[in-house]
Amino acid sequence: VGESDLEAPTGADDFDSVAWCYDWTPIPTHPRRLHPHLQSLKGPIIDLGGGTGKYTTRMLAAEDQHAIIVDPSRKMLAKGYAKGRRASYIQAMGQRLPFGDESITAAISTEAFHHLGQDQDLVLKEVSRVLREDGAFFIEEPDPSRFIGRIMAWGEKVQGMNSVFWTPSQLAKLLEQHFEKVVTTRTGWFTYLAIARVPRPHSR
Ligand SMILES: C[S@@+](CC[C@H](N)C(=O)[O-])C[C@H]1O[C@@H](n2cnc3c(N)ncnc32)[C@H](O)[C@@H]1O
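Overview of the structure. (Residues numbered from 1 in each chain as written. Predicted model: local features only at pLDDT ≥ 70, side-chain atom pairs only at ≥ 80, totals over all residues. Heavy atoms only, no water.)

## Examining unusual backbone geometry
No. 1: Phi at Asp134 is positive, roughly 75°, even though this residue is not glycine.
No. 2: Here Asp134 is to be found in strand E5 (residues 131-142).
No. 3: A positive phi is found at Lys181, a non-glycine position, where the angle reads about 50°.
No. 4: For Lys181, the position within the fold is in strand E6 (residues 180-186). (Helix = DSSP H or I, 4+ residues; strand = E, 2+ residues; numbered from the N terminus.)

## Considerations on the site of the ligand
No. 1: Taken together, the neighbourhood of the ligand is formed by 20 residues, with Tyr22, Gly49, Asp71, Gln95 and Thr110 sitting nearest.
No. 2: Between the ligand and Thr110, the relevant distance is 2.7 Å, taken from an oxygen atom to a side-chain nitrogen or oxygen of the residue.
No. 3: With the chains in place, 97% of the 600 Å² that the ligand exposes on its own is no longer accessible.
No. 4: A per-class count over the shell around the ligand returns nine nonpolar, nine polar and two charged. (Near = heavy atom within 4 Å. Polar contact = N/O pair within 3.5 Å; in protein donor to acceptor, adjacent residues only side chain to side chain. Areas by Shrake-Rupley, 256 points an atom, 1.4 Å probe, with all protein chains shown as cover. Nonpolar A, V, L, I, M, F, W, Y, C, P; charged D, E, K, R; others polar.)

## Observations concerning the nonpolar core
No. 1: Within the largest apolar cluster, 28 residues are counted, with the highest numbers of intra-cluster contacts made by Val127, Phe137, Leu175 and Phe179.
No. 2: Only strand E1 (45-48), strand E2 (67-71), strand E4 (104-110), helix H4 (120-130), E5, helix H6 (168-176) and strand E7 (191-197) provide two or more residues apiece to this core.
No. 3: Counting 18 residues, the second largest nonpolar core, distinct from the first, contains Leu34, Ala67, Met76 and Leu193. (Core = buried A, V, L, I, M, F, W, Y, C linked by side-chain atoms within 4.5 Å. Buried < 20%, exposed > 50% of the residue type's maximum accessible area, 1.4 Å probe, protein only.)

## Some remarks on the packing of aromatic side chains
No. 1: On inspection of all chains with the given rule, the structure shows five aromatic pairs.
No. 2: Over the ring of Tyr22 we find Lys54; its NZ or CZ atom is 5.4 Å from the centre of that ring. (Phe/Tyr/Trp six-rings, centres within 6.5 Å; stacked < 30°, edge-to-face > 60°. Lys NZ or Arg CZ within 6 Å of the ring centre and 35° of its normal.)

## So, the side chain of Thr110
No. 1: Position of Thr110 relative to the elements: it lies in strand E4.
No. 2: Here Thr110 is in contact with Thr29, Asp47, Met59 and Glu140, once residues within four sequence places are set aside. (Contact = heavy atoms within 4.5 Å.)

## A few points about the pairing of E4
No. 1: Most of E4 is tucked away: seven of the seven residues are buried.
No. 2: The sheet contact formed by E1 and E4 spans three bridges and is parallel. Residue Ile46 lies in a different strand from E4, and its bridge partner there is Ala107.
No. 3: Summarising the sheet, E4 and E5 pair through six bridges and their orientation is parallel. In the strand pairing of E5, Ser109 is matched with Ile139.
No. 4: Between E4 and its parallel partner E5, the chain crosses via H4, and the hand of that crossover is right-handed. (Pairing = 2+ DSSP bridges. Right-handed = clockwise from strand over helix to strand, strands pointing away.)

## Digging into the sheet that holds strand E3 (residues 87-91)
No. 1: Reading across the sheet, the seven strands line up as E3-E2-E1-E4-E5-E7-E6 and stay open at both edges, with mixed pairing between neighbours. Strands at the two margins of the open sheet, each flanked by one partner only, are E3 and E6. Strand-to-strand twist in this sheet, taken as the mean axis angle between neighbours without regard to direction, amounts to 20°. (Axes fitted to C-alpha atoms, helices over the stretch in contact; angles between N-to-C directions.)

## Description of the pattern of salt bridges
Between side chains of opposite charge, a pair can form when the charged atoms approach closely.
No. 1: Considering all chains together, one arrives at five salt bridges under this definition.
No. 2: Close ionic contact of Asp64 with Lys42 constitutes a salt bridge, the shortest N to O distance being 3.8 Å. Of this pair, Asp64 sits in the loop between helix H2 (56-59) and E2 while Lys42 sits in the loop between helix H1 (35-38) and E1, placing them 22 residues apart in sequence. The residues Asp64 and Lys42 share a single accessibility class, namely exposed.
No. 3: What emerges from the salt-bridge pattern is a single network uniting Asp101, Glu126 and Arg129. (Salt bridge = Lys/Arg side-chain N within 4 Å of Asp/Glu carboxyl O.)

## Observations concerning the environment of Arg32
No. 1: Considering the arrangement of structural elements, one finds Arg32 in the segment before H1.
No. 2: Placed 70 residues apart in sequence, Arg32 and Glu102 show a C-alpha to C-alpha distance of 26 Å.

## Some remarks on H6
No. 1: For H6, every residue scored as buried is listed here: Pro168, Leu171, Ala172, Leu174 and Leu175. Down the axis of H6, the buried set is contained in an arc of 160°. They therefore lie on one face.
No. 2: Turning to H6, the residues buried within the fold contact H4, E5, E6 and E7. (Arc of directions from axis to C-beta.)

What follows is the structure in structure tokens.
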């Protein structure tokens, strides 16, 4: 992205209007918790709903790692692009990823999965399509069974967003339909990380 005039895809929660101030908002994300999982990975890593890339490069463990930020909001992406971090920026939705089958090493998504709303299952199918054998999807989310997680879920509902939040065990069940070896672990007092591995052999 940059100066291009791409239309914002319809159907996504609108982040264009908050892109100007997004990087100042406190987002409950723990990028370093991903380091042990990402450090030995080689090949492309996508940050699904990566927005302004606020956390993307902090999640990468090794200097030579590169992330591709995929997000429907042109303004969020443009903010990130202007910062010039070591990432690429692609305007697309998780529902239709512009990558070939088994072409991506890992996918990460922080504080974005709930914004996929009713299409979460479709996106999981799409992520599992593009991931290589042995690839993994790392999702950090707020837990709606925790007080602050519940407030977040309520706040997004009153703003008319499409958000769908899950507890760690509920998200694990959803992930198990497309991945195997799903584990969830707490990252903060109301956030958790779910790690879902691509089954071997890869079955789409
Ligand atoms: C709360 S922000 C999180 C941004 C970033 N991951 C972070 O942790 O700061 C949610 C992001 O999800 C993106 N998003 C919404 N719908 C999406 C979709 N269908 N596919 C991919 N990203 C989407 C939004 O544009 C927004 O940038």
